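Observations on the three-dimensional arrangement
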Amino acid sequence: MDKIIKNGTIITAFDTYKADVAIEGEKVVMIANNIVDDKAEIIDASDKYILPGALDAHTHLEMPFGGTISSDSYEAGTRAAACGGVTTVFDFALQQKGEGIIQTAKRRNELCEPQACVDYAFHVAITDLTTEVLNEFKAAVDFGISSFKVFMVYKKEGLMVDDGVMCKVLKKGKEVGAMIAVHAENPDLIDMRTEEFLIEGKTSAWYHYLSRPEFVEAEADIRAIHWAKSLNTPLYIVHLANKQGMEEVKKARDEGYEIYAETCPQYLHFTSDVYKREDGRNFVCSPPMKGQESQDALWQGIKSGDIATIATDHCPFQSYEKDWGKDDFTKIPNGCMGIENMYPYMLSEANKGRLSFNRVVELCSTNPAKIYGCAPEKGTIAVGSDADIVIYDPNKEFTVSKDNMHSDVDHTIWEGLKLKGYIDTTLSRGRIVFKEGEFLGQPGWGKFLKRKPRA
Ligand code: DUC
Ligand code: ZN
Ligand code: ZN
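Cut-off values and rules
Residues numbered from 1 in each chain as written. Chains lettered and ligands numbered in written order. Predicted model: local features only at pLDDT ≥ 70, side-chain atom pairs only at ≥ 80, totals over all residues. Heavy atoms only, no water. UniProt positions renumbered as here; feature names shortened; annotations may be inferred. Pairing = 2+ DSSP bridges. Helix = DSSP H or I, 4+ residues; strand = E, 2+ residues; numbered from the N terminus. Contact = heavy atoms within 4.5 Å. Axes fitted to C-alpha atoms, helices over the stretch in contact; angles between N-to-C directions. Domains from an automatic or database assignment. Buried area = accessible area lost by both parts, 1.4 Å probe. Salt bridge = Lys/Arg side-chain N within 4 Å of Asp/Glu carboxyl O. Donors = N, O, S within 2.8 Å, 3.2 Å for Na, K, Ca; no water. Buried < 20%, exposed > 50% of the residue type's maximum accessible area, 1.4 Å probe, protein only. Near = heavy atom within 4 Å. Polar contact = N/O pair within 3.5 Å; in protein donor to acceptor, adjacent residues only side chain to side chain. Areas by Shrake-Rupley, 256 points an atom, 1.4 Å probe, with all protein chains shown as cover. Nonpolar A, V, L, I, M, F, W, Y, C, P; charged D, E, K, R; others polar. Parallel < 35°, antiparallel > 145°, perpendicular 65-115°, else oblique. Left-handed = near helix turned anticlockwise from the far one by under 90°. Core = buried A, V, L, I, M, F, W, Y, C linked by side-chain atoms within 4.5 Å.

Going by an unreviewed UniProt entry, the chain carries the name Dihydropyrimidinase and comes from Clostridium thailandense. Under Sequence similarities (unreviewed entry), UniProt gives the following word-for-word description of the chain: "Belongs to the metallo-dependent hydrolases superfamily. Hydantoinase/dihydropyrimidinase family." What UniProt records for the chain under Cofactor (unreviewed entry) is the sentence "Zn(2+)".

Here it is as structure tokens:
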């Protein structure tokens, strides 16, 4: 054995118990009381919790978007991930016109592989569905890419697909065992409302919210669910942020359909009121934060089990880039940071009693691992699983500031957030990559995850 984590309390999605965890190489090899091996390095976890590392199933690292490139490179983003207890990152690889799926993944992997500090996978976003691309789905799944995404928005940006394409992708996805994720908002309504606001001189960040309010997202959620039900295919809705959409997800699930909803910490913590702030542009992301009723519905969905996962949509931009839209919300690059905040925020909410620690593990680790084809290696602490482990100190007080974060971005929407409890140590496949505030990992350590198809 190389390392033994001693005296801690293990928390998985299903269990809470005291035991030692022995690691050999990259794997957990034993879980038992009082494990002894004189040659092993001892990591003392007295009064601490031992959790599986989180999987962030939704990031946009060094992604060309909004007239620039998101500020976190693969190195910076996965460094911040390690420091926030995220040991697997799922990044979106955007297909370029004429490109194949595997070609898209390989192009992004060339950038990612030398930089990644934790393990990673790609969802390929289908933007140009030719017959060849449709025929390539099976090969892509065999290659280890068992999830694809479609955007129902971003028409001008060339990312959007229409309902016909979405349906073809849903059907083919089911056939080859791939999960299909959708960004659901109605593009025509957004364009119509944006045009009206600009004509009326309504240009502050508040109008970003009003250009894509609750019903704009809900309509697309309902449409996507309708097609998934009609075709009897699974569906994963990314960054769900509105009440009506949440209700439709619940209804479909109650009827027995395989519909998964992901939400993000920013929707659970902030409301659309942030867009009235002087620095409202820093909170501009799509879909935008919504009203209190929507936030309450999301927390209710977490309680009822109808929210399946939490992920971040991590897509940071520097202040000077956000400032492009000071006087015109349409010029603000869309995206916020969160990769280092997701697990600490959710665990702090558990520590305050809002939900159980087990449920946080399920939402942030176990469920994304299962849904996206990398369980049981990822997403739990068990003999044989990867030693992706977070040691959490429930008694530590932590205040988020841009100065104690590890991204390459000069501000954070989470500035000043007080957390009850914080991450002490993160291990990625047995290697300590974060300890007591310090990043100890290495670019190039993270491996591409070849994922399994859906059964
Ligand atoms: N939304 C964002 O805010 N940024 C990146 C892409 C997206 O859908
Ligand atoms: Zn999106
Ligand atoms: Zn996104």
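Another aspect to go through is the sheet that holds strand β18 (residues 389–399). The seven strands are arranged β3-β2-β7-β18-β19-β20-β21 in an open sheet whose pairing can be described as mixed. The open sheet has two free edges, formed respectively by β3 (16–18) and β21 (438–439), since each of these has just one partner strand. Most of the contacts of helix α13 (residues 357–371) go to strand β7 (residues 49–52), to which it runs at about 25°, and overall it touches β2 (9–11), β3, β7 and β18.

As assigned here, the chain comprises domain 1 (3–51 + 378–439) and domain 2 (54–371). Look at where the C-alpha atoms of domain 1 and domain 2 centre, and you get two points 27 Å apart. Across the boundary between the two partners, domain 1 contributes 42 residues, which contact 47 residues of domain 2. Interface area for domain 1 against domain 2, summed over the two sides, is near 3,700 Å², with a carbon-plus-sulfur share of 60%. At the boundary of domain 1 and domain 2, one finds three salt bridges. Notably, a salt bridge pairs Lys378 with Asp119, separated by 2.7 Å at the nearest N-O pair.

Glancing now at the coordination of the zinc ion (ligand 3). Coordination of the zinc ion (ligand 3) by the protein is provided by His58 (NE2), His60 (NE2) and Asp313 (OD), with metal-donor distances spanning 2.0 to 2.1 Å. Here the donor residues for the zinc ion (ligand 3) map to a single chain with the spacing H-x1-H-x252-D. Distance-wise, the zinc ion (ligand 2) is placed 3.2 Å from the zinc ion (ligand 3). As far as burial versus exposure is concerned, His58 and His60 are alike and both buried.

Around ligand 1 sit His60, Phe65, Tyr154, His183, His239, Cys285, Ser286, Asp313, Cys315, Asn334 and Gly335, and those are all the residues in its vicinity. Contact between ligand 1 and Gly335: an oxygen atom at 3.4 Å from a main-chain N or O atom of the residue. Here ligand 1 has 240 Å² of accessible area as a free molecule, and 100% of this is covered by the chains. Looking at the shell around ligand 1 residue by residue, the classes come out as four nonpolar, six polar and one charged.

A separate point is the pattern of salt bridges. Throughout the structure, instances matching the rule amount to 35 salt bridges. The partner of Lys202 in a salt bridge is Glu200, and the shortest N-O contact between them spans 2.8 Å. Close ionic contact of Lys378 with Asp388 constitutes a salt bridge, the shortest N to O distance being 2.7 Å. Here Asp388 lies in the loop between α13 and β18 and Lys378 lies in the loop between α13 and β18, a separation of 10 residues in the sequence. Taking the relative accessible area as the measure of exposure, Lys378 reaches 2% and is therefore buried. Judged by its relative accessible area of 4%, Asp388 falls in the buried class.

Once that is clear, we can look at the sheet that holds strand β1 (residues 3–6). In spatial order, the strands read β5-β4-β1-β6; together these four strands make up an open sheet with mixed pairing. Of all strands in the sheet, those with a lone pairing partner are β5 (27–32) and β6 (41–44), marking the two edges. Sheet twist, expressed as the mean angle between neighbouring strand axes with direction ignored, is 20°. Judged from the four bridges that link them, β1 and β6 form a sheet pairing that is parallel. Looking at the pairing, Lys3 lines up with Glu41 of β6.

A word on the environment of Pro394. Along the chain, Pro394 falls in strand β18. Counting along the chain gives 47 residues from Pro394 to Leu347, while the straight-line C-alpha distance between them is 8.6 Å. Ignoring sequence-local partners within four residues, the contact set of Pro394 consists of Asp47, Lys48, Tyr49, Asn351, Lys420 and Gly421.

This part covers the UniProt feature "domain: Amidohydrolase-related" (unreviewed entry) in the chain. Per the UniProt record, the feature "domain: Amidohydrolase-related" (unreviewed entry) sits at residues 49–433. End C-alpha to end C-alpha, residues 49–433 measures 17 Å, and it is 38% helix and 19% strand.

Between helix α7 (residues 214–231) and helix α8 (residues 243–254), whose axes approach to 8 Å, the crossing angle comes to 15°. Accordingly, the angle class assigned to the pair α7 and α8 is roughly parallel. Crossing of α7 over α8 shows right-handed handedness. Here α7 contributes Ala218, Asp221, Ile222, Ile225 and Lys229 to the contact with α8, which in turn contributes Gln244, Gly245, Glu248, Val249 and Ala252.

Mapped onto this numbering, the UniProt entry gives "modified residue: N6-carboxylysine" (unreviewed entry) at Lys149. Positionally, Lys149 belongs in strand β13 (residues 147–151). Setting aside residues up to four positions removed in sequence, Lys149 forms contacts with His58, His60, Phe92, Val124, Ala125, Ile126, Ala181, His183 and Val238.

With that settled, consider helix α12 (residues 342–351). Taken across its 10 residues, α12 has 10 buried, putting it largely inside the fold. All buried positions along α12 are accounted for by Met342, Tyr343, Pro344, Tyr345, Met346, Leu347, Ser348, Glu349, Ala350 and Asn351. A positive phi of about 95° marks Gly353, the residue just after α12.

Looking now at the nonpolar core. Proteins that are soluble and globular tend to have nonpolar side chains buried together. Residues Ile126, Phe137, Phe148, Tyr343 and Met346 are the most contacted members of the largest nonpolar core, which totals 106 residues. The biggest single contributor to this core is α12, with six residues. When residues of this core are assigned to domains, at least three map to each of domain 1 (3–51 + 378–439) and domain 2 (54–371). Residues in contact with Phe137, not counting those within four places in the same chain, are Ile101, Ile126, Leu129, Phe148, Val169, Lys172, Gly173 and Val176. Ala57, Phe90, Ala311 and Tyr372 belong to the second-largest nonpolar core, a separate cluster that totals 16 residues.

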